[in-house]
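# Residue-level structural notes
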Amino acid sequence: MVAQLRSRIEDILKNYRPVMNGEIYLSGEDICRLLHISKRTLQQYRDDHILPYIQIGGKILYKESDLFLELEKHYTGKTSINDNS
């Protein structure tokens, strides 16, 4: 019972994202995992100003809302290979 509780608490803490001023901030690892990209690709997104970020000291953070905004901007909708229209 205690081991299960400890395991559950560790899972929660591992996935916990603090909210600051109503905004969730994600780490680079979070972004890479969500987008299925490498750290190098994420670096290129920063260099090319594709994804806004905040740097505090050596830590880089990304607003969750900025990520969703970029995804929405580039959303093309459903396409079909067999669409003849």
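Figured I'd write up the structure that's included with this text. (Residues numbered from 1 in each chain as written. Predicted model: local features only at pLDDT ≥ 70, side-chain atom pairs only at ≥ 80, totals over all residues. Heavy atoms only, no water.)

Moving on, we get to the sheet that holds strand E1 (residues 19-20). Spatially, four strands are ordered E1-E2-E4-E3 in an open sheet, and the strand pairing comes out antiparallel. Every other strand in the sheet has two partners, leaving E1 and strand E3 (54-56) as the edge strands with one partner each. When E1 meets strand E2 (residues 23-27), the two strands line up antiparallel, connected through two bridges. Bridge pairing in E2 links Val19 to Ile24. Packed onto the sheet, helix H2 (residues 28-35) meets E2 and strand E4 (59-63) and runs at close to 85 degrees relative to E2. (Pairing = 2+ DSSP bridges. Helix = DSSP H or I, 4+ residues; strand = E, 2+ residues; numbered from the N terminus. Contact = heavy atoms within 4.5 Å. Axes fitted to C-alpha atoms, helices over the stretch in contact; angles between N-to-C directions.)

It is worth spelling out the pattern of salt bridges at this point. Close approach of charged atoms allows side chains with opposite charge to pair. Throughout the structure, instances matching the rule amount to two salt bridges. Residue Asp30 pairs with Arg33 through a salt bridge whose shortest N-O separation is 2.7 Å. Of the two residues, Asp30 and Arg33 are both situated in helix H2; the distance of three residues between them amounts to about one turn of the helix. Relative accessible area serves as the criterion here: at 6%, Asp30 is assigned to the buried category. Its salt-bridge partner being Lys73, residue Glu70 comes within 2.8 Å of it at the nearest N-O pair. (Salt bridge = Lys/Arg side-chain N within 4 Å of Asp/Glu carboxyl O. Buried < 20%, exposed > 50% of the residue type's maximum accessible area, 1.4 Å probe, protein only.)

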